[in-house]
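# Architecture at a glance
As a plain string of letters, each chain reads:
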Amino acid sequence: MASVSASLVAPAQRIAARRQARPTAARGARTPLRVAAAASIAEIKGTGDLPAVKLTSADGCTATAYLFGGVVTSFTKPDGREVLYVRPDAVFDKSKPISGGLPHCWPQFGPGDIQVHGFARNVDWELTKKTEGSNPSIEMTLLPSDYSKKMWDKDFKVTQTITLGDGKLKATLKVWNTGEEAFTFTGSFHTYFAADIDEVAVTGLKGCKSLDRLKDEAGTVAGALTMSGPVDSCYYDVPSVVNLAVGGGNSVAIESQGGWTDAVVWTPWTDMEACYKEFVCVENAACKEPVSVAAGGEWEASTILA
Ligand SMILES: O=P(O)(O)OC[C@H]1O[C@@H](O)[C@H](O)[C@@H](O)[C@@H]1O
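Here we summarise the structure given alongside this text. In this text the structure is predicted, and so the values were computed from the model without any measurement. (Residues numbered from 1 in each chain as written. Predicted model: local features only at pLDDT ≥ 70, side-chain atom pairs only at ≥ 80, totals over all residues. Heavy atoms only, no water.)

This brings us to the site of the ligand. Around the ligand, the neighbouring residues are Arg 87, Phe 109, His 117, Arg 121, His 190, Tyr 192, Arg 213, Asp 232, Val 264, Trp 266 and Glu 283. Arg 213 places a side-chain nitrogen or oxygen 3.3 Å from an oxygen atom of the ligand. Glu 283 has a polar side-chain atom sitting 2.6 Å from an oxygen atom of the ligand. Within the complex, the protein chains bury 79% of what would otherwise be the 400 Å² of accessible surface of the ligand. Considered class by class, the residues forming the shell around the ligand number four nonpolar, two polar and five charged. (Near = heavy atom within 4 Å. Polar contact = N/O pair within 3.5 Å; in protein donor to acceptor, adjacent residues only side chain to side chain. Areas by Shrake-Rupley, 256 points an atom, 1.4 Å probe, with all protein chains shown as cover. Nonpolar A, V, L, I, M, F, W, Y, C, P; charged D, E, K, R; others polar.)

Time to look at the pairing of strand 10 (residues 183-189). Within strand 10, six of the seven residues are buried, which leaves the element mostly enclosed by the surrounding structure. Pairing of strand 5 (residues 104-105) with strand 10, which is carried by two bridges, proceeds in the antiparallel orientation. Bridging from a neighbouring strand, His 104 pairs with Phe 189 of strand 10. Strand direction decides the pairing type here: strand 10 and strand 20 (residues 279-293), joined by six bridges, are antiparallel. Its bridge partner being in strand 20, Phe 189 is matched across the sheet by Asn 284. (Buried < 20%, exposed > 50% of the residue type's maximum accessible area, 1.4 Å probe, protein only. Helix = DSSP H or I, 4+ residues; strand = E, 2+ residues; numbered from the N terminus. Pairing = 2+ DSSP bridges.)

Moving on: the sheet that holds strand 3 (residues 62-66). In space, the four strands of this open sheet follow the order 1-2-3-4, with antiparallel pairing throughout. At either end of the open sheet lies a strand with only one pairing partner, and these are strand 1 (40-45) and strand 4 (71-76). Geometrically, the sheet is characterised by an average inter-axis angle of 20 degrees between neighbouring strands, direction not taken into account. Two elements, strand 1 and strand 2 (residues 51-56), share six bridges in a ladder whose sense is antiparallel. Note that in strand 2 the partner of Lys 45 across the bridge is Pro 51. (Axes fitted to C-alpha atoms, helices over the stretch in contact; angles between N-to-C directions.)

Below, the discussion takes up the pattern of salt bridges. Note on pairing: side chains with opposite charge can pair once their charged atoms come close. According to the stated counting rule, one finds ten salt bridges in the structure shown. With a closest N to O distance of 2.7 Å, Asp 124 and Lys 94 form a salt bridge. Here Asp 124 is found in the loop between strand 5 and strand 6 (126-131), whereas its partner Lys 94 is found in the loop between strand 4 and strand 5, with 30 residues between them in sequence. On the basis of relative accessible area, Lys 94 is assigned to the partly exposed category, the value being 38%. Notably, a salt bridge pairs Lys 149 with Asp 155, separated by 2.6 Å at the nearest N-O pair. (Salt bridge = Lys/Arg side-chain N within 4 Å of Asp/Glu carboxyl O.)

Note the cis peptide between Trp 106 and Pro 107, where omega equals 5 degrees. Checked against the element boundaries, Pro 107 lands in the loop between strand 5 and strand 6. One non-glycine residue, Lys 94, lies in the positive phi region at around 70 degrees. For His 117, which is not a glycine, the phi torsion comes out positive at approximately 70 degrees. Mapped onto the elements of the fold, His 117 is located in the loop between strand 5 and strand 6.

Within the secondary structure layout, Arg 87 lies in the loop between strand 4 and strand 5. In this structure Arg 87 touches Ser 99, Gly 100, Tyr 192, Trp 266, Met 272, Cys 275 and Phe 279, once residues within four positions along its chain are discounted. (Contact = heavy atoms within 4.5 Å.)

For Met 227, the location among the structural elements is in the loop between strand 15 (225-226) and strand 16 (231-235). Excluding its chain neighbours within four sequence positions, the residues that come into contact with Met 227 are Ile 197, Val 200, Val 202, Val 265, Thr 267, Trp 269 and Val 280.

Moving on, we come to the environment of Phe 92. Examined against the element boundaries, Phe 92 turns out to sit in the loop between strand 4 and strand 5. Sequence separation of Phe 92 and Thr 47 is 45 residues, and the distance between their C-alpha atoms is 6.2 Å.

Listed below in structure tokens is the structure:
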């Protein structure tokens, strides 16, 4: 399948493809050691022939976003390291949300009245803007449909903007209330990070109030979080930067801006025997209190991964 995104092929193939793509220098000519990547935005067919967009920034980062669910499935750093994780049981046939990457839970983090994690990751978003440049950006838009109205009878516009470059991926969720009455929602960027679970350490949450959702037990974070069993916990009023050690000496700085107030950490542990050692979810969220948006009002929150 020639059109499959490079981020979805095996690492060895990717390295071979990168080698092939390198320009060959004329014998004896002096060439710079590093050739800057040509920044681009390419509309591609991803896995399952689903429409996707691949962004490449001038500093050599890449990202792939699917219009189904508006989910970012891949973010690679200039050294080729993949930051995100897509579960091996992910399906790309629209029968359920794509399990992994950087999806969003909206308009419900869950549990609650509608399906857990809301409907926004179950539906097609429209590609509404492409901004070329050394740090390229795309905007995807979601509007109400008969499907969403059956679950949540509100008028809204939601955009998800993805900007890539300077070693970072920025995802911004913006919500407009286009109806006549205020509405409330909860939500998150439910980010799956590629990680060696035995080496995971989440720092920056010390002193935050927490809720262990598995034990239904409130607490206060004492220090770095490491994983030695299933975790499904919310942390409230968290600082704007949380650091995630993913193993092999690598880490990701997870910065939040705007309306995200909380964080969620999740590892299914042996409930997902086939893959639990390879990822952890660290989510920017607004889940402690519902967010209220007045009629005609708007709300915005961003996550920056570096
Ligand atoms: O819907 P997904 O991607 O399988 O993730 C499910 C998990 O998502 C997490 O955000 C929740 O805290 C967990 O309770 C839940 O099990």
